[in-house]
Amino acid sequence: MLFGRKKKNPIKIADKEIVDWKYTTCGYCSTGCSIEVGINKQGKAVSSRGVASADVNRGKLCVKGIFEHELFDTAGRGETPLYRDKYIEDFREISWDDAFDTMAEKFKAIQEKYGRDSVAVISTGQILTEEFYTLGKLTRGAIGTNNYDGNTTLCMASAVSGYKRSFGADGPPGCYEDFEHTDCLIAFGSNLPEQHPIIYWRLKEAMEKRKFPLIVVDPRVTMLAQFADMHLPITPGTDVVLLNSLAHVILDEGLEDAEYINAHTNGYEEFKALVADYDPITAAKICGIDEDTIRNVARLYAKAGAAMSIWTMGINQSTHGSDGVVGVNNLNLITGNIGKPGGTSLSITGQCNAMGTREWSSCSGLPGYRYLENPEDRAEIAEFWGIDKEFFPKKRGLFQTDIFPAIETGQIKALWLVASNPMSSLPNTERIRKTLEKLEFFVVQDAYSDVESVHYANMYLPASIWAEKNGCFTNTERRVNRITNVQPPYANSKPDLWIFNQLAKRFNHYQQMNFPETSEEVFEEMKQLSKGKERNLDISGMSYEKIEKNGGLQWPCREGEEQGAQRLYVDGKFPYADGKAKLIPLLFADNNERPDNEFPFWLNTGRVVEHFHTRTRTGKMGNCNKYSPTPYMEMNPDAADDQGIEHMSYVRVVSRRSDAVVMVQLTQRIPYNMVFIPFHFHDCANRLTLGLLDPYSRQPAFKQNAVRIEKIDQKEAAQRNVEARAF
Ligand SMILES: Nc1nc2c(c(=O)[nH]1)N[C@H]1C(S)=C(S)[C@@H](COP(=O)(O)OP(=O)(O)OC[C@H]3O[C@@H](n4cnc5c(=O)[nH]c(N)nc54)[C@H](O)[C@@H]3O)O[C@H]1N2
Ligand SMILES: Nc1nc2c(c(=O)[nH]1)N[C@H]1C(S)=C(S)[C@@H](COP(=O)(O)OP(=O)(O)OC[C@H]3O[C@@H](n4cnc5c(=O)[nH]c(N)nc54)[C@H](O)[C@@H]3O)O[C@H]1N2
Ligand code: SF4
Ligand SMILES: [Mo]
């Protein structure tokens, strides 16, 4: 008798009639995978595949990238510019020209009445580098407001600030290839298999070839923790204590690299004095990791030939985010693990072009890692752009997270929001709602018109998205890669670059300044500004053609060089004036909202693999949304048992700010006194978060909040859920 599939119809793979494959780079996370999009006879994008020859992903894509071609005609795409005098009125369609005239007129009138800085501009990590550069030029050089920042303050600000404090400049010094050389890796608050699946795949490949210890520091047993040799379930917000204690053991046991410390760092004595207070017994009580584990990890790390640390939001999104990054850098400096193969401090960045905005947007200063605080940088850029250097402010203005309170207090009257969705992504949604309602004039420029922030806007500008545009992204390992316009702009949407250029025409300085029309011309302008021996951010050796041919190029890539550099600081020379890095003592202050009798659970927030941020994209894509269509919460089964809460039931989660209804998923991944809610869903996690700010980076502590859980009527909750999904 025959068993199996013999009699069944064979599986047929539909012929999509692809006639061309077009090169581009994924527009979700900062891994930077090269993608080819398949185009059929009708010119429609019908398939996505990884580029086999690309060094980053070597033919692989994750669940988001593999469906990215479906993005172009997802529901809710913006079709035409919209306007209304007051946000409570109905929108009416307007022409692009009218939109720009009105926008310029309103901005100018508000600036005249309340001062130049009363108009704020908030951007993103998700548009093209050429667009960032042009927006910066427009905002700093023509509109002239100093209240200009990006959503990167929610994301990478602590890494930027920590790199600057330790090394004298921003820029992740390592690369993915470091996995191939390292002898020990610690991951702090980074869940690679879900958030950077292809970086994880690179790590796994390296570990399969050559086993080395993987240590994961995370309060949850994440997917990465499940693959680790050691998991350190740290008490939230206490990484600085652990880092100080690791340094304590290393110095106490004489495991440091004294030669490296002497030759390449300043501040050793003060640093040593501070970490002396953080012996493992004292530290264990604060960070929840036992003293023997601290000693073991310190020894493993210091004795490894090459050791590296990676981190993401578990470190950055904290009241000690910047200090956490400095702590990681301290650890690597004292063990001589910077700039060597497998020895590095590698911040895993977030959005597809979080790096591009850091490098070129002028959000925190001037383009190409130049500073407003530096008179020579101001003079150089003013001359290059053809404007008076006195037009620039002498220090940076408000960070994104300080712009919203400034709207609240009436200092800021108008806001231009480009590719960010603060109604879902900022802490304390109710407060943000009230803040947006106070604006006199509010413009949202987004690829989707159904974004929550649009409800409060006077004007909506429909932007083209991802591979409807042409330009570059920079990934986590400083690799500049190409996005090519594989599809024409949707409906009457326009590339962000075109929008910036049109608005620029409405401002006085346009006559003196040059705003090139094409991305490639903008790139050539950026190349001019990047040239210089002392500058690490040098892209003058790149061209569009060369980038695409190589599947991306890393900076620095100087004029005449065939390839970019894999690592920074290889010679131990840092961008501080004396060429040395700083060892910085970090005093821990316990200032988080903590669980108590009234709010007994830590609320931790983050991400899942199938969704990206506020779901404007993945919420509408079949497979991505199918995996998790409902706002949910991870809860420990024992804790749920004690509260009489069942798996898959709805509960109300209450914090000091507000409440949210979620479905309970019971899992041992989460400790007894903690719950975890993915922040992707609107009117959910961020209704509850407090978001205390880091003093250096102004980044919110999204992951340390206190909540209680209440039982609710299941029928009503289910009905509300259905209604919410329908909206
Ligand atoms: N699928 C998917 N991938 C993404 C994104 C997405 O939305 N979806 N977003 C991209 C972006 S912009 C970013 S910034 C990255 C974020 O990437 P990750 O930072 O890896 O993701 P998160 O889930 O936000 O947080 C990581 C971990 O930090 C832990 N954590 C919480 N508190 C602490 C703490 O006090 N200490 C330590 N050590 N850990 C803590 C959490 O338990 C969580 O597991 O992902 C990028 N990739
Ligand atoms: N509780 C909690 N909150 C968090 C986090 C957390 O871990 N926990 N993480 C924080 C982090 S790390 C980040 S990065 C932020 C993200 O926060 P946001 O950036 O506010 O969230 P996104 O949903 O990515 O918003 C990007 C918007 O840009 C639009 N868009 C996409 N491509 C384009 C384009 O090419 N042009 C234009 N004009 N628009 C485009 C999208 O439709 C979307 O509306 O969230 C933060 N919020
Ligand atoms: S790992 Fe990141 S860059 Fe690569 S396909 Fe997935 S979302 Fe895109
Ligand atoms: Mo992020």
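Since this is a predicted model, take the numbers as computed values, not measurements.

> Whenever I open this one, the site of ligand 1 confuses me. Can you help?
Near ligand 1 lie 34 residues; those nearest to it are Q195, D218, G237, R607 and H611. V609 has a polar backbone atom sitting 2.9 Å from a nitrogen atom of ligand 1. Expressed as a share of its isolated accessible area of 910 Å², the protein-covered part of ligand 1 is 100%. Those elements that place two or more of their residues in the shell around ligand 1 are α4 (192-195), α12 (313-316) and β21 (601-606). Of the residues in the shell around ligand 1, the class split is ten nonpolar, 17 polar and seven charged. Two domains each donate at least three residues to the shell around ligand 1, and these are domain 3 (157-347) and domain 4 (601-693 + 700-726).

> Mind showing me how you'd approach the site of ligand 3 here?
In the vicinity of ligand 3, the contacting residues are C26, Y28, C29, T31, G32, C33, L61, C62, K64, G65, P197 and I198. Assessed atom by atom at 2 Å from the grid points, ligand 3 resides in the second largest cavity. Taken together, the residues of the shell around ligand 3 break down into eight nonpolar, three polar and one charged.

> How should I be thinking about the packing of helix α7 (residues 239-252) against helix α10 (residues 280-287) in this particular structure?
To describe two helices that pack against each other, one gives the angle between their axes and the distance between the axes. Taken N-terminus to C-terminus, the directions of α7 and α10 make an angle of 165 degrees; their axes are 9 Å apart at the nearest point. By the angle between their directions, the pair α7 and α10 is classed as roughly antiparallel. In this structure, the crossing between α7 and α10 has a hand that is left-handed. Facing α7, whose interface residues are V241, L242, S245, H248 and V249, α10 presents P280, A283, I286 and C287. Per-class residue counts for the contact of α7 with α10 are seven nonpolar, two polar and no charged.

> Where do I start with the side chain of D218 in this structure?
If you trace the backbone, D218 turns up in the loop between β9 (214-217) and α6 (223-226). Here D218 sits buried without a salt bridge, and the closest side chain of opposite charge, R220, lies 5.1 Å off (N-O distance). Polar side-chain contacts of D218 include one of 2.9 Å to the backbone nitrogen of R220. Contact partners of D218, with chain neighbours within four places excluded, come to G189, S190, H231, L232, P233 and I234.

> I keep staring at the sheet that holds strand β24 (residues 659-666) and nothing clicks. Help me out?
The strands that make up a sheet pair up through hydrogen bonds in the backbone, lying either parallel or antiparallel. The strand order β21-β25-β22-β24-β23-β26 describes a closed barrel built from six strands, whose pairing is mixed. Between one strand axis and the next, the sheet turns by 45 degrees as a mean value, whatever way the strands run. Bridge count for β21 against strand β25 (residues 674-678) is five bridges, and the pairing is parallel. Across the sheet, T605 pairs through a bridge with I677, a residue of β25.

> Before we go on, may I ask you to explain the domain arrangement of the protein in this structure?
A common way to express how large an interface is: the accessible area buried when the components associate. Once the domains are mapped, the protein shows domain 1 (18-73), domain 2 (82-154 + 352-509), domain 3 (157-347) and domain 4 (601-693 + 700-726). At the interface, 20 residues of domain 2 touch 19 residues of domain 4. Around 1,600 Å² of area is buried between domain 2 and domain 4 when both sides are counted, 56% of it from carbon and sulfur atoms. Across the contact surface, domain 2 and domain 4 share three salt bridges. A salt bridge links R433 to D683; its shortest N-O distance comes to 3.4 Å. On inspection of domain 2 and its partner domain 4, the count reaches twelve residue pairs in polar contact (both at pLDDT 80 or more). Within the residue set of the side of domain 2 that touches domain 4, elements represented by two or more residues are α16 (400-408), α17 (422-425) and α18 (429-437). Within the side of domain 2 that touches domain 4, the residues separate by chemical class into seven nonpolar, eight polar and five charged.

> Looking at this structure, I do not really get the pattern of salt bridges. What am I missing?
Pairing of side chains with opposite charge becomes possible as their charged atoms draw close. Within the structure shown, the criterion is met by 45 salt bridges. With its nearest N and O atoms 3.0 Å apart, the salt bridge here joins D229 to K211. Here D229, found in the loop between α6 and β10 (230-232), pairs with K211, found in the loop between α5 (197-209) and β9; they are 18 residues apart in sequence, far enough to count as distant. A relative accessible area of 54% means that K211 is categorised as exposed. Taking the shortest distance from any N to any O, the salt bridge between E380 and R370 comes out at 3.0 Å. On the criterion of sequence distance, the pair formed by E380 in helix α15 (residues 375-385) and R370 in the loop between α14 (354-360) and α15 is long-range, its members being ten residues apart. Put simply, E430, R433, R652, D659, D683 and R687 are held in one network by salt bridges that share partners.

> For this particular structure, what's the right way to read empty space enclosed by the protein?
Empty space among the atoms can be located by rolling a probe the size of a water molecule over them. On inspection of all chains with the given rule, the structure shows four cavities of 30 Å³ or more. In this model, the second largest cavity occupies a volume close to 80 Å³. C26, Y28, C29, T31, C33, L61, C62, K64, G65, P197 and I198 are the residues that line the second largest cavity. The residue inventory of the lining of the second largest cavity, partitioned by class, reads eight nonpolar, two polar and one charged.

> Where do I start with the sheet that holds strand β5 (residues 92-93) in this structure?
Pairing is mixed in the open sheet, where seven strands are placed in the order β5-β4-β16-β15-β14-β6-β7. Of all strands in the sheet, those with a lone pairing partner are β5 and β7 (148-150), marking the two edges. With two bridges connecting them, strand β4 (residues 82-83) and β5 associate as antiparallel partners. Pairing of Y83 across the sheet is with R92, part of β5. Most of the contacts of helix α19 (residues 496-504) go to strand β14 (residues 414-418), to which it runs at about 150 degrees, and overall it touches β14, β15 (441-446) and β16 (459-462).

> What is the right way to look at the pairing of strand β3 (residues 45-50) in this model?
Walk down a regular strand and you will see the side chains alternate between the two sheet faces. Most of β3 is tucked away, with five of its six residues classed as buried. Where strand β2 (residues 34-40) and β3 come together, five bridges link them in antiparallel fashion. Bridge pairing in β3 places E36 opposite R49. Here β2 hands over to β3 after four residues, with G43 in that stretch at a positive phi of 85 degrees.

> Just checking my understanding: could you explain the packing of aromatic side chains for this structure?
Each pair of aromatic rings is reported with the distance of its centres and the angle of its planes. Going through the model one piece at a time under the given rule, you end up with 21 aromatic pairs. Plain terms: the ring middles of W96 and W498 are 5.5 Å apart, the flat faces sit at 85 degrees to each other, and that makes the pair edge-to-face. Linking W96 in helix α1 (residues 96-114) with W498 in helix α19, this pair joins segments that are 402 residues apart in sequence. Centre to centre, the rings of Y569 and F574 are 4.8 Å apart; their planes meet at 40 degrees, and the pair counts as tilted. According to the relative accessible area criterion, F574 is buried, its value standing at 3%. Three or more aromatic residues joined by ring pairs form one cluster here, namely Y163, F167, W311, Y569 and F574.

Thresholds applied
- Residues numbered from 1 in each chain as written.
- Chains lettered and ligands numbered in written order.
- Predicted model: local features only at pLDDT ≥ 70, side-chain atom pairs only at ≥ 80, totals over all residues.
- Heavy atoms only, no water.
- Near = heavy atom within 4 Å.
- Polar contact = N/O pair within 3.5 Å; in protein donor to acceptor, adjacent residues only side chain to side chain.
- Areas by Shrake-Rupley, 256 points an atom, 1.4 Å probe, with all protein chains shown as cover.
- Helix = DSSP H or I, 4+ residues; strand = E, 2+ residues; numbered from the N terminus.
- Nonpolar A, V, L, I, M, F, W, Y, C, P; charged D, E, K, R; others polar.
- Domains from an automatic or database assignment.
- 1 Å grid on protein atoms, 1.4 Å probe; cavity = no way out; pocket = protein on both sides within 12 Å on 5 of 7 lines; lining within 4 Å.
- Sits in = over half its atoms within 2 Å of the grid points.
- Axes fitted to C-alpha atoms, helices over the stretch in contact; angles between N-to-C directions.
- Parallel < 35°, antiparallel > 145°, perpendicular 65-115°, else oblique.
- Left-handed = near helix turned anticlockwise from the far one by under 90°.
- Contact = heavy atoms within 4.5 Å.
- Buried < 20%, exposed > 50% of the residue type's maximum accessible area, 1.4 Å probe, protein only.
- Lys, Arg positive; Asp, Glu negative; His and termini not counted.
- Salt bridge = Lys/Arg side-chain N within 4 Å of Asp/Glu carboxyl O.
- Pairing = 2+ DSSP bridges.
- Buried area = accessible area lost by both parts, 1.4 Å probe.
- Points joined across faces, edges and corners; volume = space filled by probe spheres on them.
- Phe/Tyr/Trp six-rings, centres within 6.5 Å; stacked < 30°, edge-to-face > 60°.

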